[in-house]
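Tertiary structure, described
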Amino acid sequence: MRALVTGCAGFIGSHLVERLLEEGYHIVGIDCFTDYYSEDMKRKNMEGFKNNENFEFIEKDILNMNLMPVLEGVDYVFHLAAQPGVRASWGKNFEVYTRNNILATQRLLEACKGLEIKRFVFASSSSVYGDSKELPLKESLYPKPLSPYGVTKLAAENLCVLYYKNYGIPVVSLRYFTVYGPRQRPDMAFHKFIKAVLEEKAITIYGDGNQTRDFTYVSDAVNATVLGMKGEPGEIYNIGGGSRISVNKAIEVIEELTGKKAKIKYEPFQKGDMRDTYADISKAEKGLGYKPEIDINTGLKKQTEYVRNLRV
Ligand code: NAD
Ligand code: UGA
């Protein structure tokens, strides 16, 4: 079986490639090392598999490459390449979000038309929901994103549904909820917090720290993505980690794990940030057989080890 993984040098994509190689897939990976964070870090993400005989790397931008030869013989597409990050998506940056999240997705979907693809698994996001009075968040809720990033992910998700309905591309969208663990992007909270606490530098909390997230450990997100291969075409599934906690509580766990006290600065709540996320995962449980396995203490312990090793 042959699978295409876009964004294969990124945080989640690199873990997914490792998992699919273990399962015996031949992987074609695409990544163009966008400059959102260091190329060096992304190259390191690929170290464990870049020389694997079943891995083929294409260092190209989805927006201006010839996708047809790459898609030849591909059974599964995992589309993770994107411009992530909620808070950075305002202003001039929006162009990068529209290009890498909307246009790139549309280009890839166009190229898949008429091919014998078994599933096209799309990495969507909890940020499509926006603030809701109703928690946990269910897929049936009307999505009202709060950030330009969320708007682009929702647009891409809608494109996926259109290409399923009109061209029969069997798309499955997974709404990941704040993924963490080794290789987490350096702009994300846990990476920044652990690094700063270890280095005895200040961390910044946006707002009062009582905002909550349904944090999802990366191996759970990867399990869900693999299970996405048997998802119902045209459907959307929440992928949460079952570890909903506040930012303040997460910092306490990091303090315990590092044996160091965090030096905390407060800044105003950021535009685009949801107050709370909490996934109703019953649809993924029933439809995909998904069950998160890693609790926040275990997951943060693994991420702390990773960040500790990055420093030496
Ligand atoms: P990441 O930035 O680490 O990985 C994305 C990769 O895509 C990068 O390596 C980048 O170079 C590549 N890329 C971007 N645009 C490209 C293009 N046009 N052509 C080729 N390569 C391109 O991000 P991540 O955190 O691993 O996120 C992966 C996916 O999951 C994204 O679609 C993101 O929106 C989604 N997601 C992530 C989270 C999370 O908590 N990390 C949560 C919800 C959804
Ligand atoms: C994350 C990813 O960055 C997005 O790409 C993804 O789409 C989204 O999850 C999702 O679930 O859909 P976010 O929840 O903002 O977005 O993830 P973090 O950067 O880890 O932030 C978690 C919380 O910590 C937020 O409330 C944020 O405001 C807070 N935070 C973050 C701080 O208080 N200080 C910081 O320095 C960073």
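Figured I'd write up the structure that's included with this text.

What counts and how
- Along every chain, residues carry numbers that run from 1 in the direction the sequence is written.
- For this description, chains carry letters from A and ligands carry numbers from 1, given in the order in which they are written.
- Thresholds applied to this predicted model are a pLDDT of at least 70 for local features of residues and 80 or more for the giving and counting of side-chain atom pairs; totals over whole chains, interfaces and linings are not thresholded and use all residues.
- Working from all heavy atoms in the structure, the side-chain values ignore hydrogens and water.
- Here the nonpolar core consists of buried residues drawn from Ala, Val, Leu, Ile, Met, Phe, Trp, Tyr and Cys, with membership extended through side-chain atoms lying within 4.5 Å.
- Think of it in three bands: with a 1.4 Å probe and only protein chains considered, a residue is buried below 20% of the maximum accessible area for its type, exposed above 50%, and partly exposed in between.
- Any two residues whose heavy atoms approach within 4.5 Å at even a single point are treated as in contact.
- Note on terminology: near, applied to a residue and a molecule or strand, indicates that one of the residue's heavy atoms is within 4 Å of it.
- Polar contacts here mean pairs of N or O atoms no more than 3.5 Å apart (in protein, one a potential hydrogen donor and the other a potential acceptor; neighbouring residues in sequence count only if both atoms are side-chain atoms).
- In these tables, accessible area is a Shrake-Rupley quantity obtained with a 1.4 Å probe, and a residue counts as shielded only by the protein chains included in the view.
- Strands are runs of DSSP state E lasting at least 2 residues, helices are runs of H or I lasting at least 4, and numbering of each runs from the N terminus.
- Only Phe, Tyr and Trp rings take part, Trp by its six-membered ring, and two of them pair if their centres are within 6.5 Å. Stacked means planes under 30 degrees apart, edge-to-face means over 60, and tilted covers everything else.
- Note on geometry: a ring has a charge over it if NZ (lysine) or CZ (arginine) is within 6 Å of the ring centre and within 35 degrees of the ring normal.
- Only protein atoms enter the 1 Å grid used here. Points where a 1.4 Å probe fits but cannot escape make up a cavity, open sets with protein on both sides within 12 Å along at least five of seven lines make up a pocket, and a residue lines them when an atom lies within 4 Å of a point.
- Grid points are joined across faces, edges and corners, and a volume is the space filled by probe spheres set on the points.
- Residue type decides the class: Asp, Glu, Lys and Arg count as charged, Ala, Val, Leu, Ile, Met, Phe, Trp, Tyr, Cys and Pro as nonpolar, and the leftover types, Gly among them, as polar.
- To get an axis, fit a line to the C-alpha atoms, keeping to the stretch in contact for a helix; angles then go from 0 to 180 degrees between the N-to-C directions.
- Roughly parallel covers angles under 35 degrees, roughly antiparallel covers those over 145, roughly perpendicular covers 65 to 115, and oblique covers all other angles.
- Note on convention: the crossing is left-handed when the near helix lies turned anticlockwise from the far helix by less than a right angle, right-handed when the turn is clockwise.

1. A word on the nonpolar core
Within the largest apolar cluster, 70 residues are counted, with the highest numbers of intra-cluster contacts made by Leu 20, Ile 27, Phe 78, Tyr 176 and Ile 239. When neighbours within four sequence positions are excluded, Ile 239 is seen to be in contact with Leu 174, Arg 175, Tyr 176, Phe 177, Thr 216, Ala 221, Ala 224, Ile 281, Ala 284, Leu 288 and Tyr 290. In terms of nonpolar packing, the next biggest core, distinct from the first, is built from 27 residues, Val 74, Leu 108, Phe 122 and Leu 159 among them.

2. A few points about the site of ligand 1
Around ligand 1 there are 29 residues in total, and Asp 31, Tyr 37, Tyr 149, Lys 153 and Val 179 lie nearest to it. One of the backbone N or O atoms of Cys 32 is found 3.3 Å from a nitrogen atom in ligand 1. Residue Asn 100 places a side-chain N or O atom 3.0 Å away from a nitrogen atom belonging to ligand 1. Coverage of ligand 1 by the protein chains reaches 98% of its 820 Å² of free accessible surface. Residue contributions to the shell around ligand 1 peak at three residues, all from strand 5 (residues 119–125).

3. Quick notes on the packing of aromatic side chains
On inspection of all chains with the given rule, the structure shows 12 aromatic pairs. Taking the centre distance of 6.3 Å and the plane angle of 80 degrees together, the rings of Tyr 25 and Tyr 76 count as edge-to-face. In this pair, Tyr 25 sits in the loop between helix 1 (11–22) and strand 2 (26–30) while Tyr 76 sits in strand 4 (residues 76–79), placing the two residues 51 residues apart along the sequence. Classification of Tyr 25 as buried rests on a relative accessible area of 12%. Grouped by ring-pair contacts, the aromatic residues Phe 33, Phe 49, Phe 55 and Phe 57 constitute a single cluster. When the ring centre of Tyr 37 is taken as origin, the NZ or CZ atom of Lys 42, which lies over that ring, is 4.6 Å away.

4. Here we look at the layout of surface pockets
It is the rolling of a water-molecule-sized probe over the atoms that shows where space remains empty. The calculated volume of the second largest pocket comes to roughly 150 Å³. Along its surface, the second largest pocket is lined by Thr 34, Asp 35, Tyr 36, Gln 83, Ala 88, Asn 93, Val 96, Tyr 97 and Asn 100. Across the lining of the second largest pocket, the residue classes tally to four nonpolar, four polar and one charged.

5. Quick notes on the packing of helix 1 against helix 7 (residues 218–227)
Closest axis-to-axis distance for the helix 1/helix 7 pair is 9 Å, and the angle between their directions is 60 degrees. On the basis of the axis angle, helix 1 is oblique to helix 7. Here helix 1 and helix 7 pass one another in a crossing that is right-handed. Here Phe 11, Ile 12, His 15, Leu 16, Arg 19 and Leu 20 of helix 1 come into contact with helix 7, specifically with Val 218, Val 222, Asn 223, Thr 225 and Val 226. By residue class, the composition of the contact of helix 1 with helix 7 is seven nonpolar, three polar and one charged.

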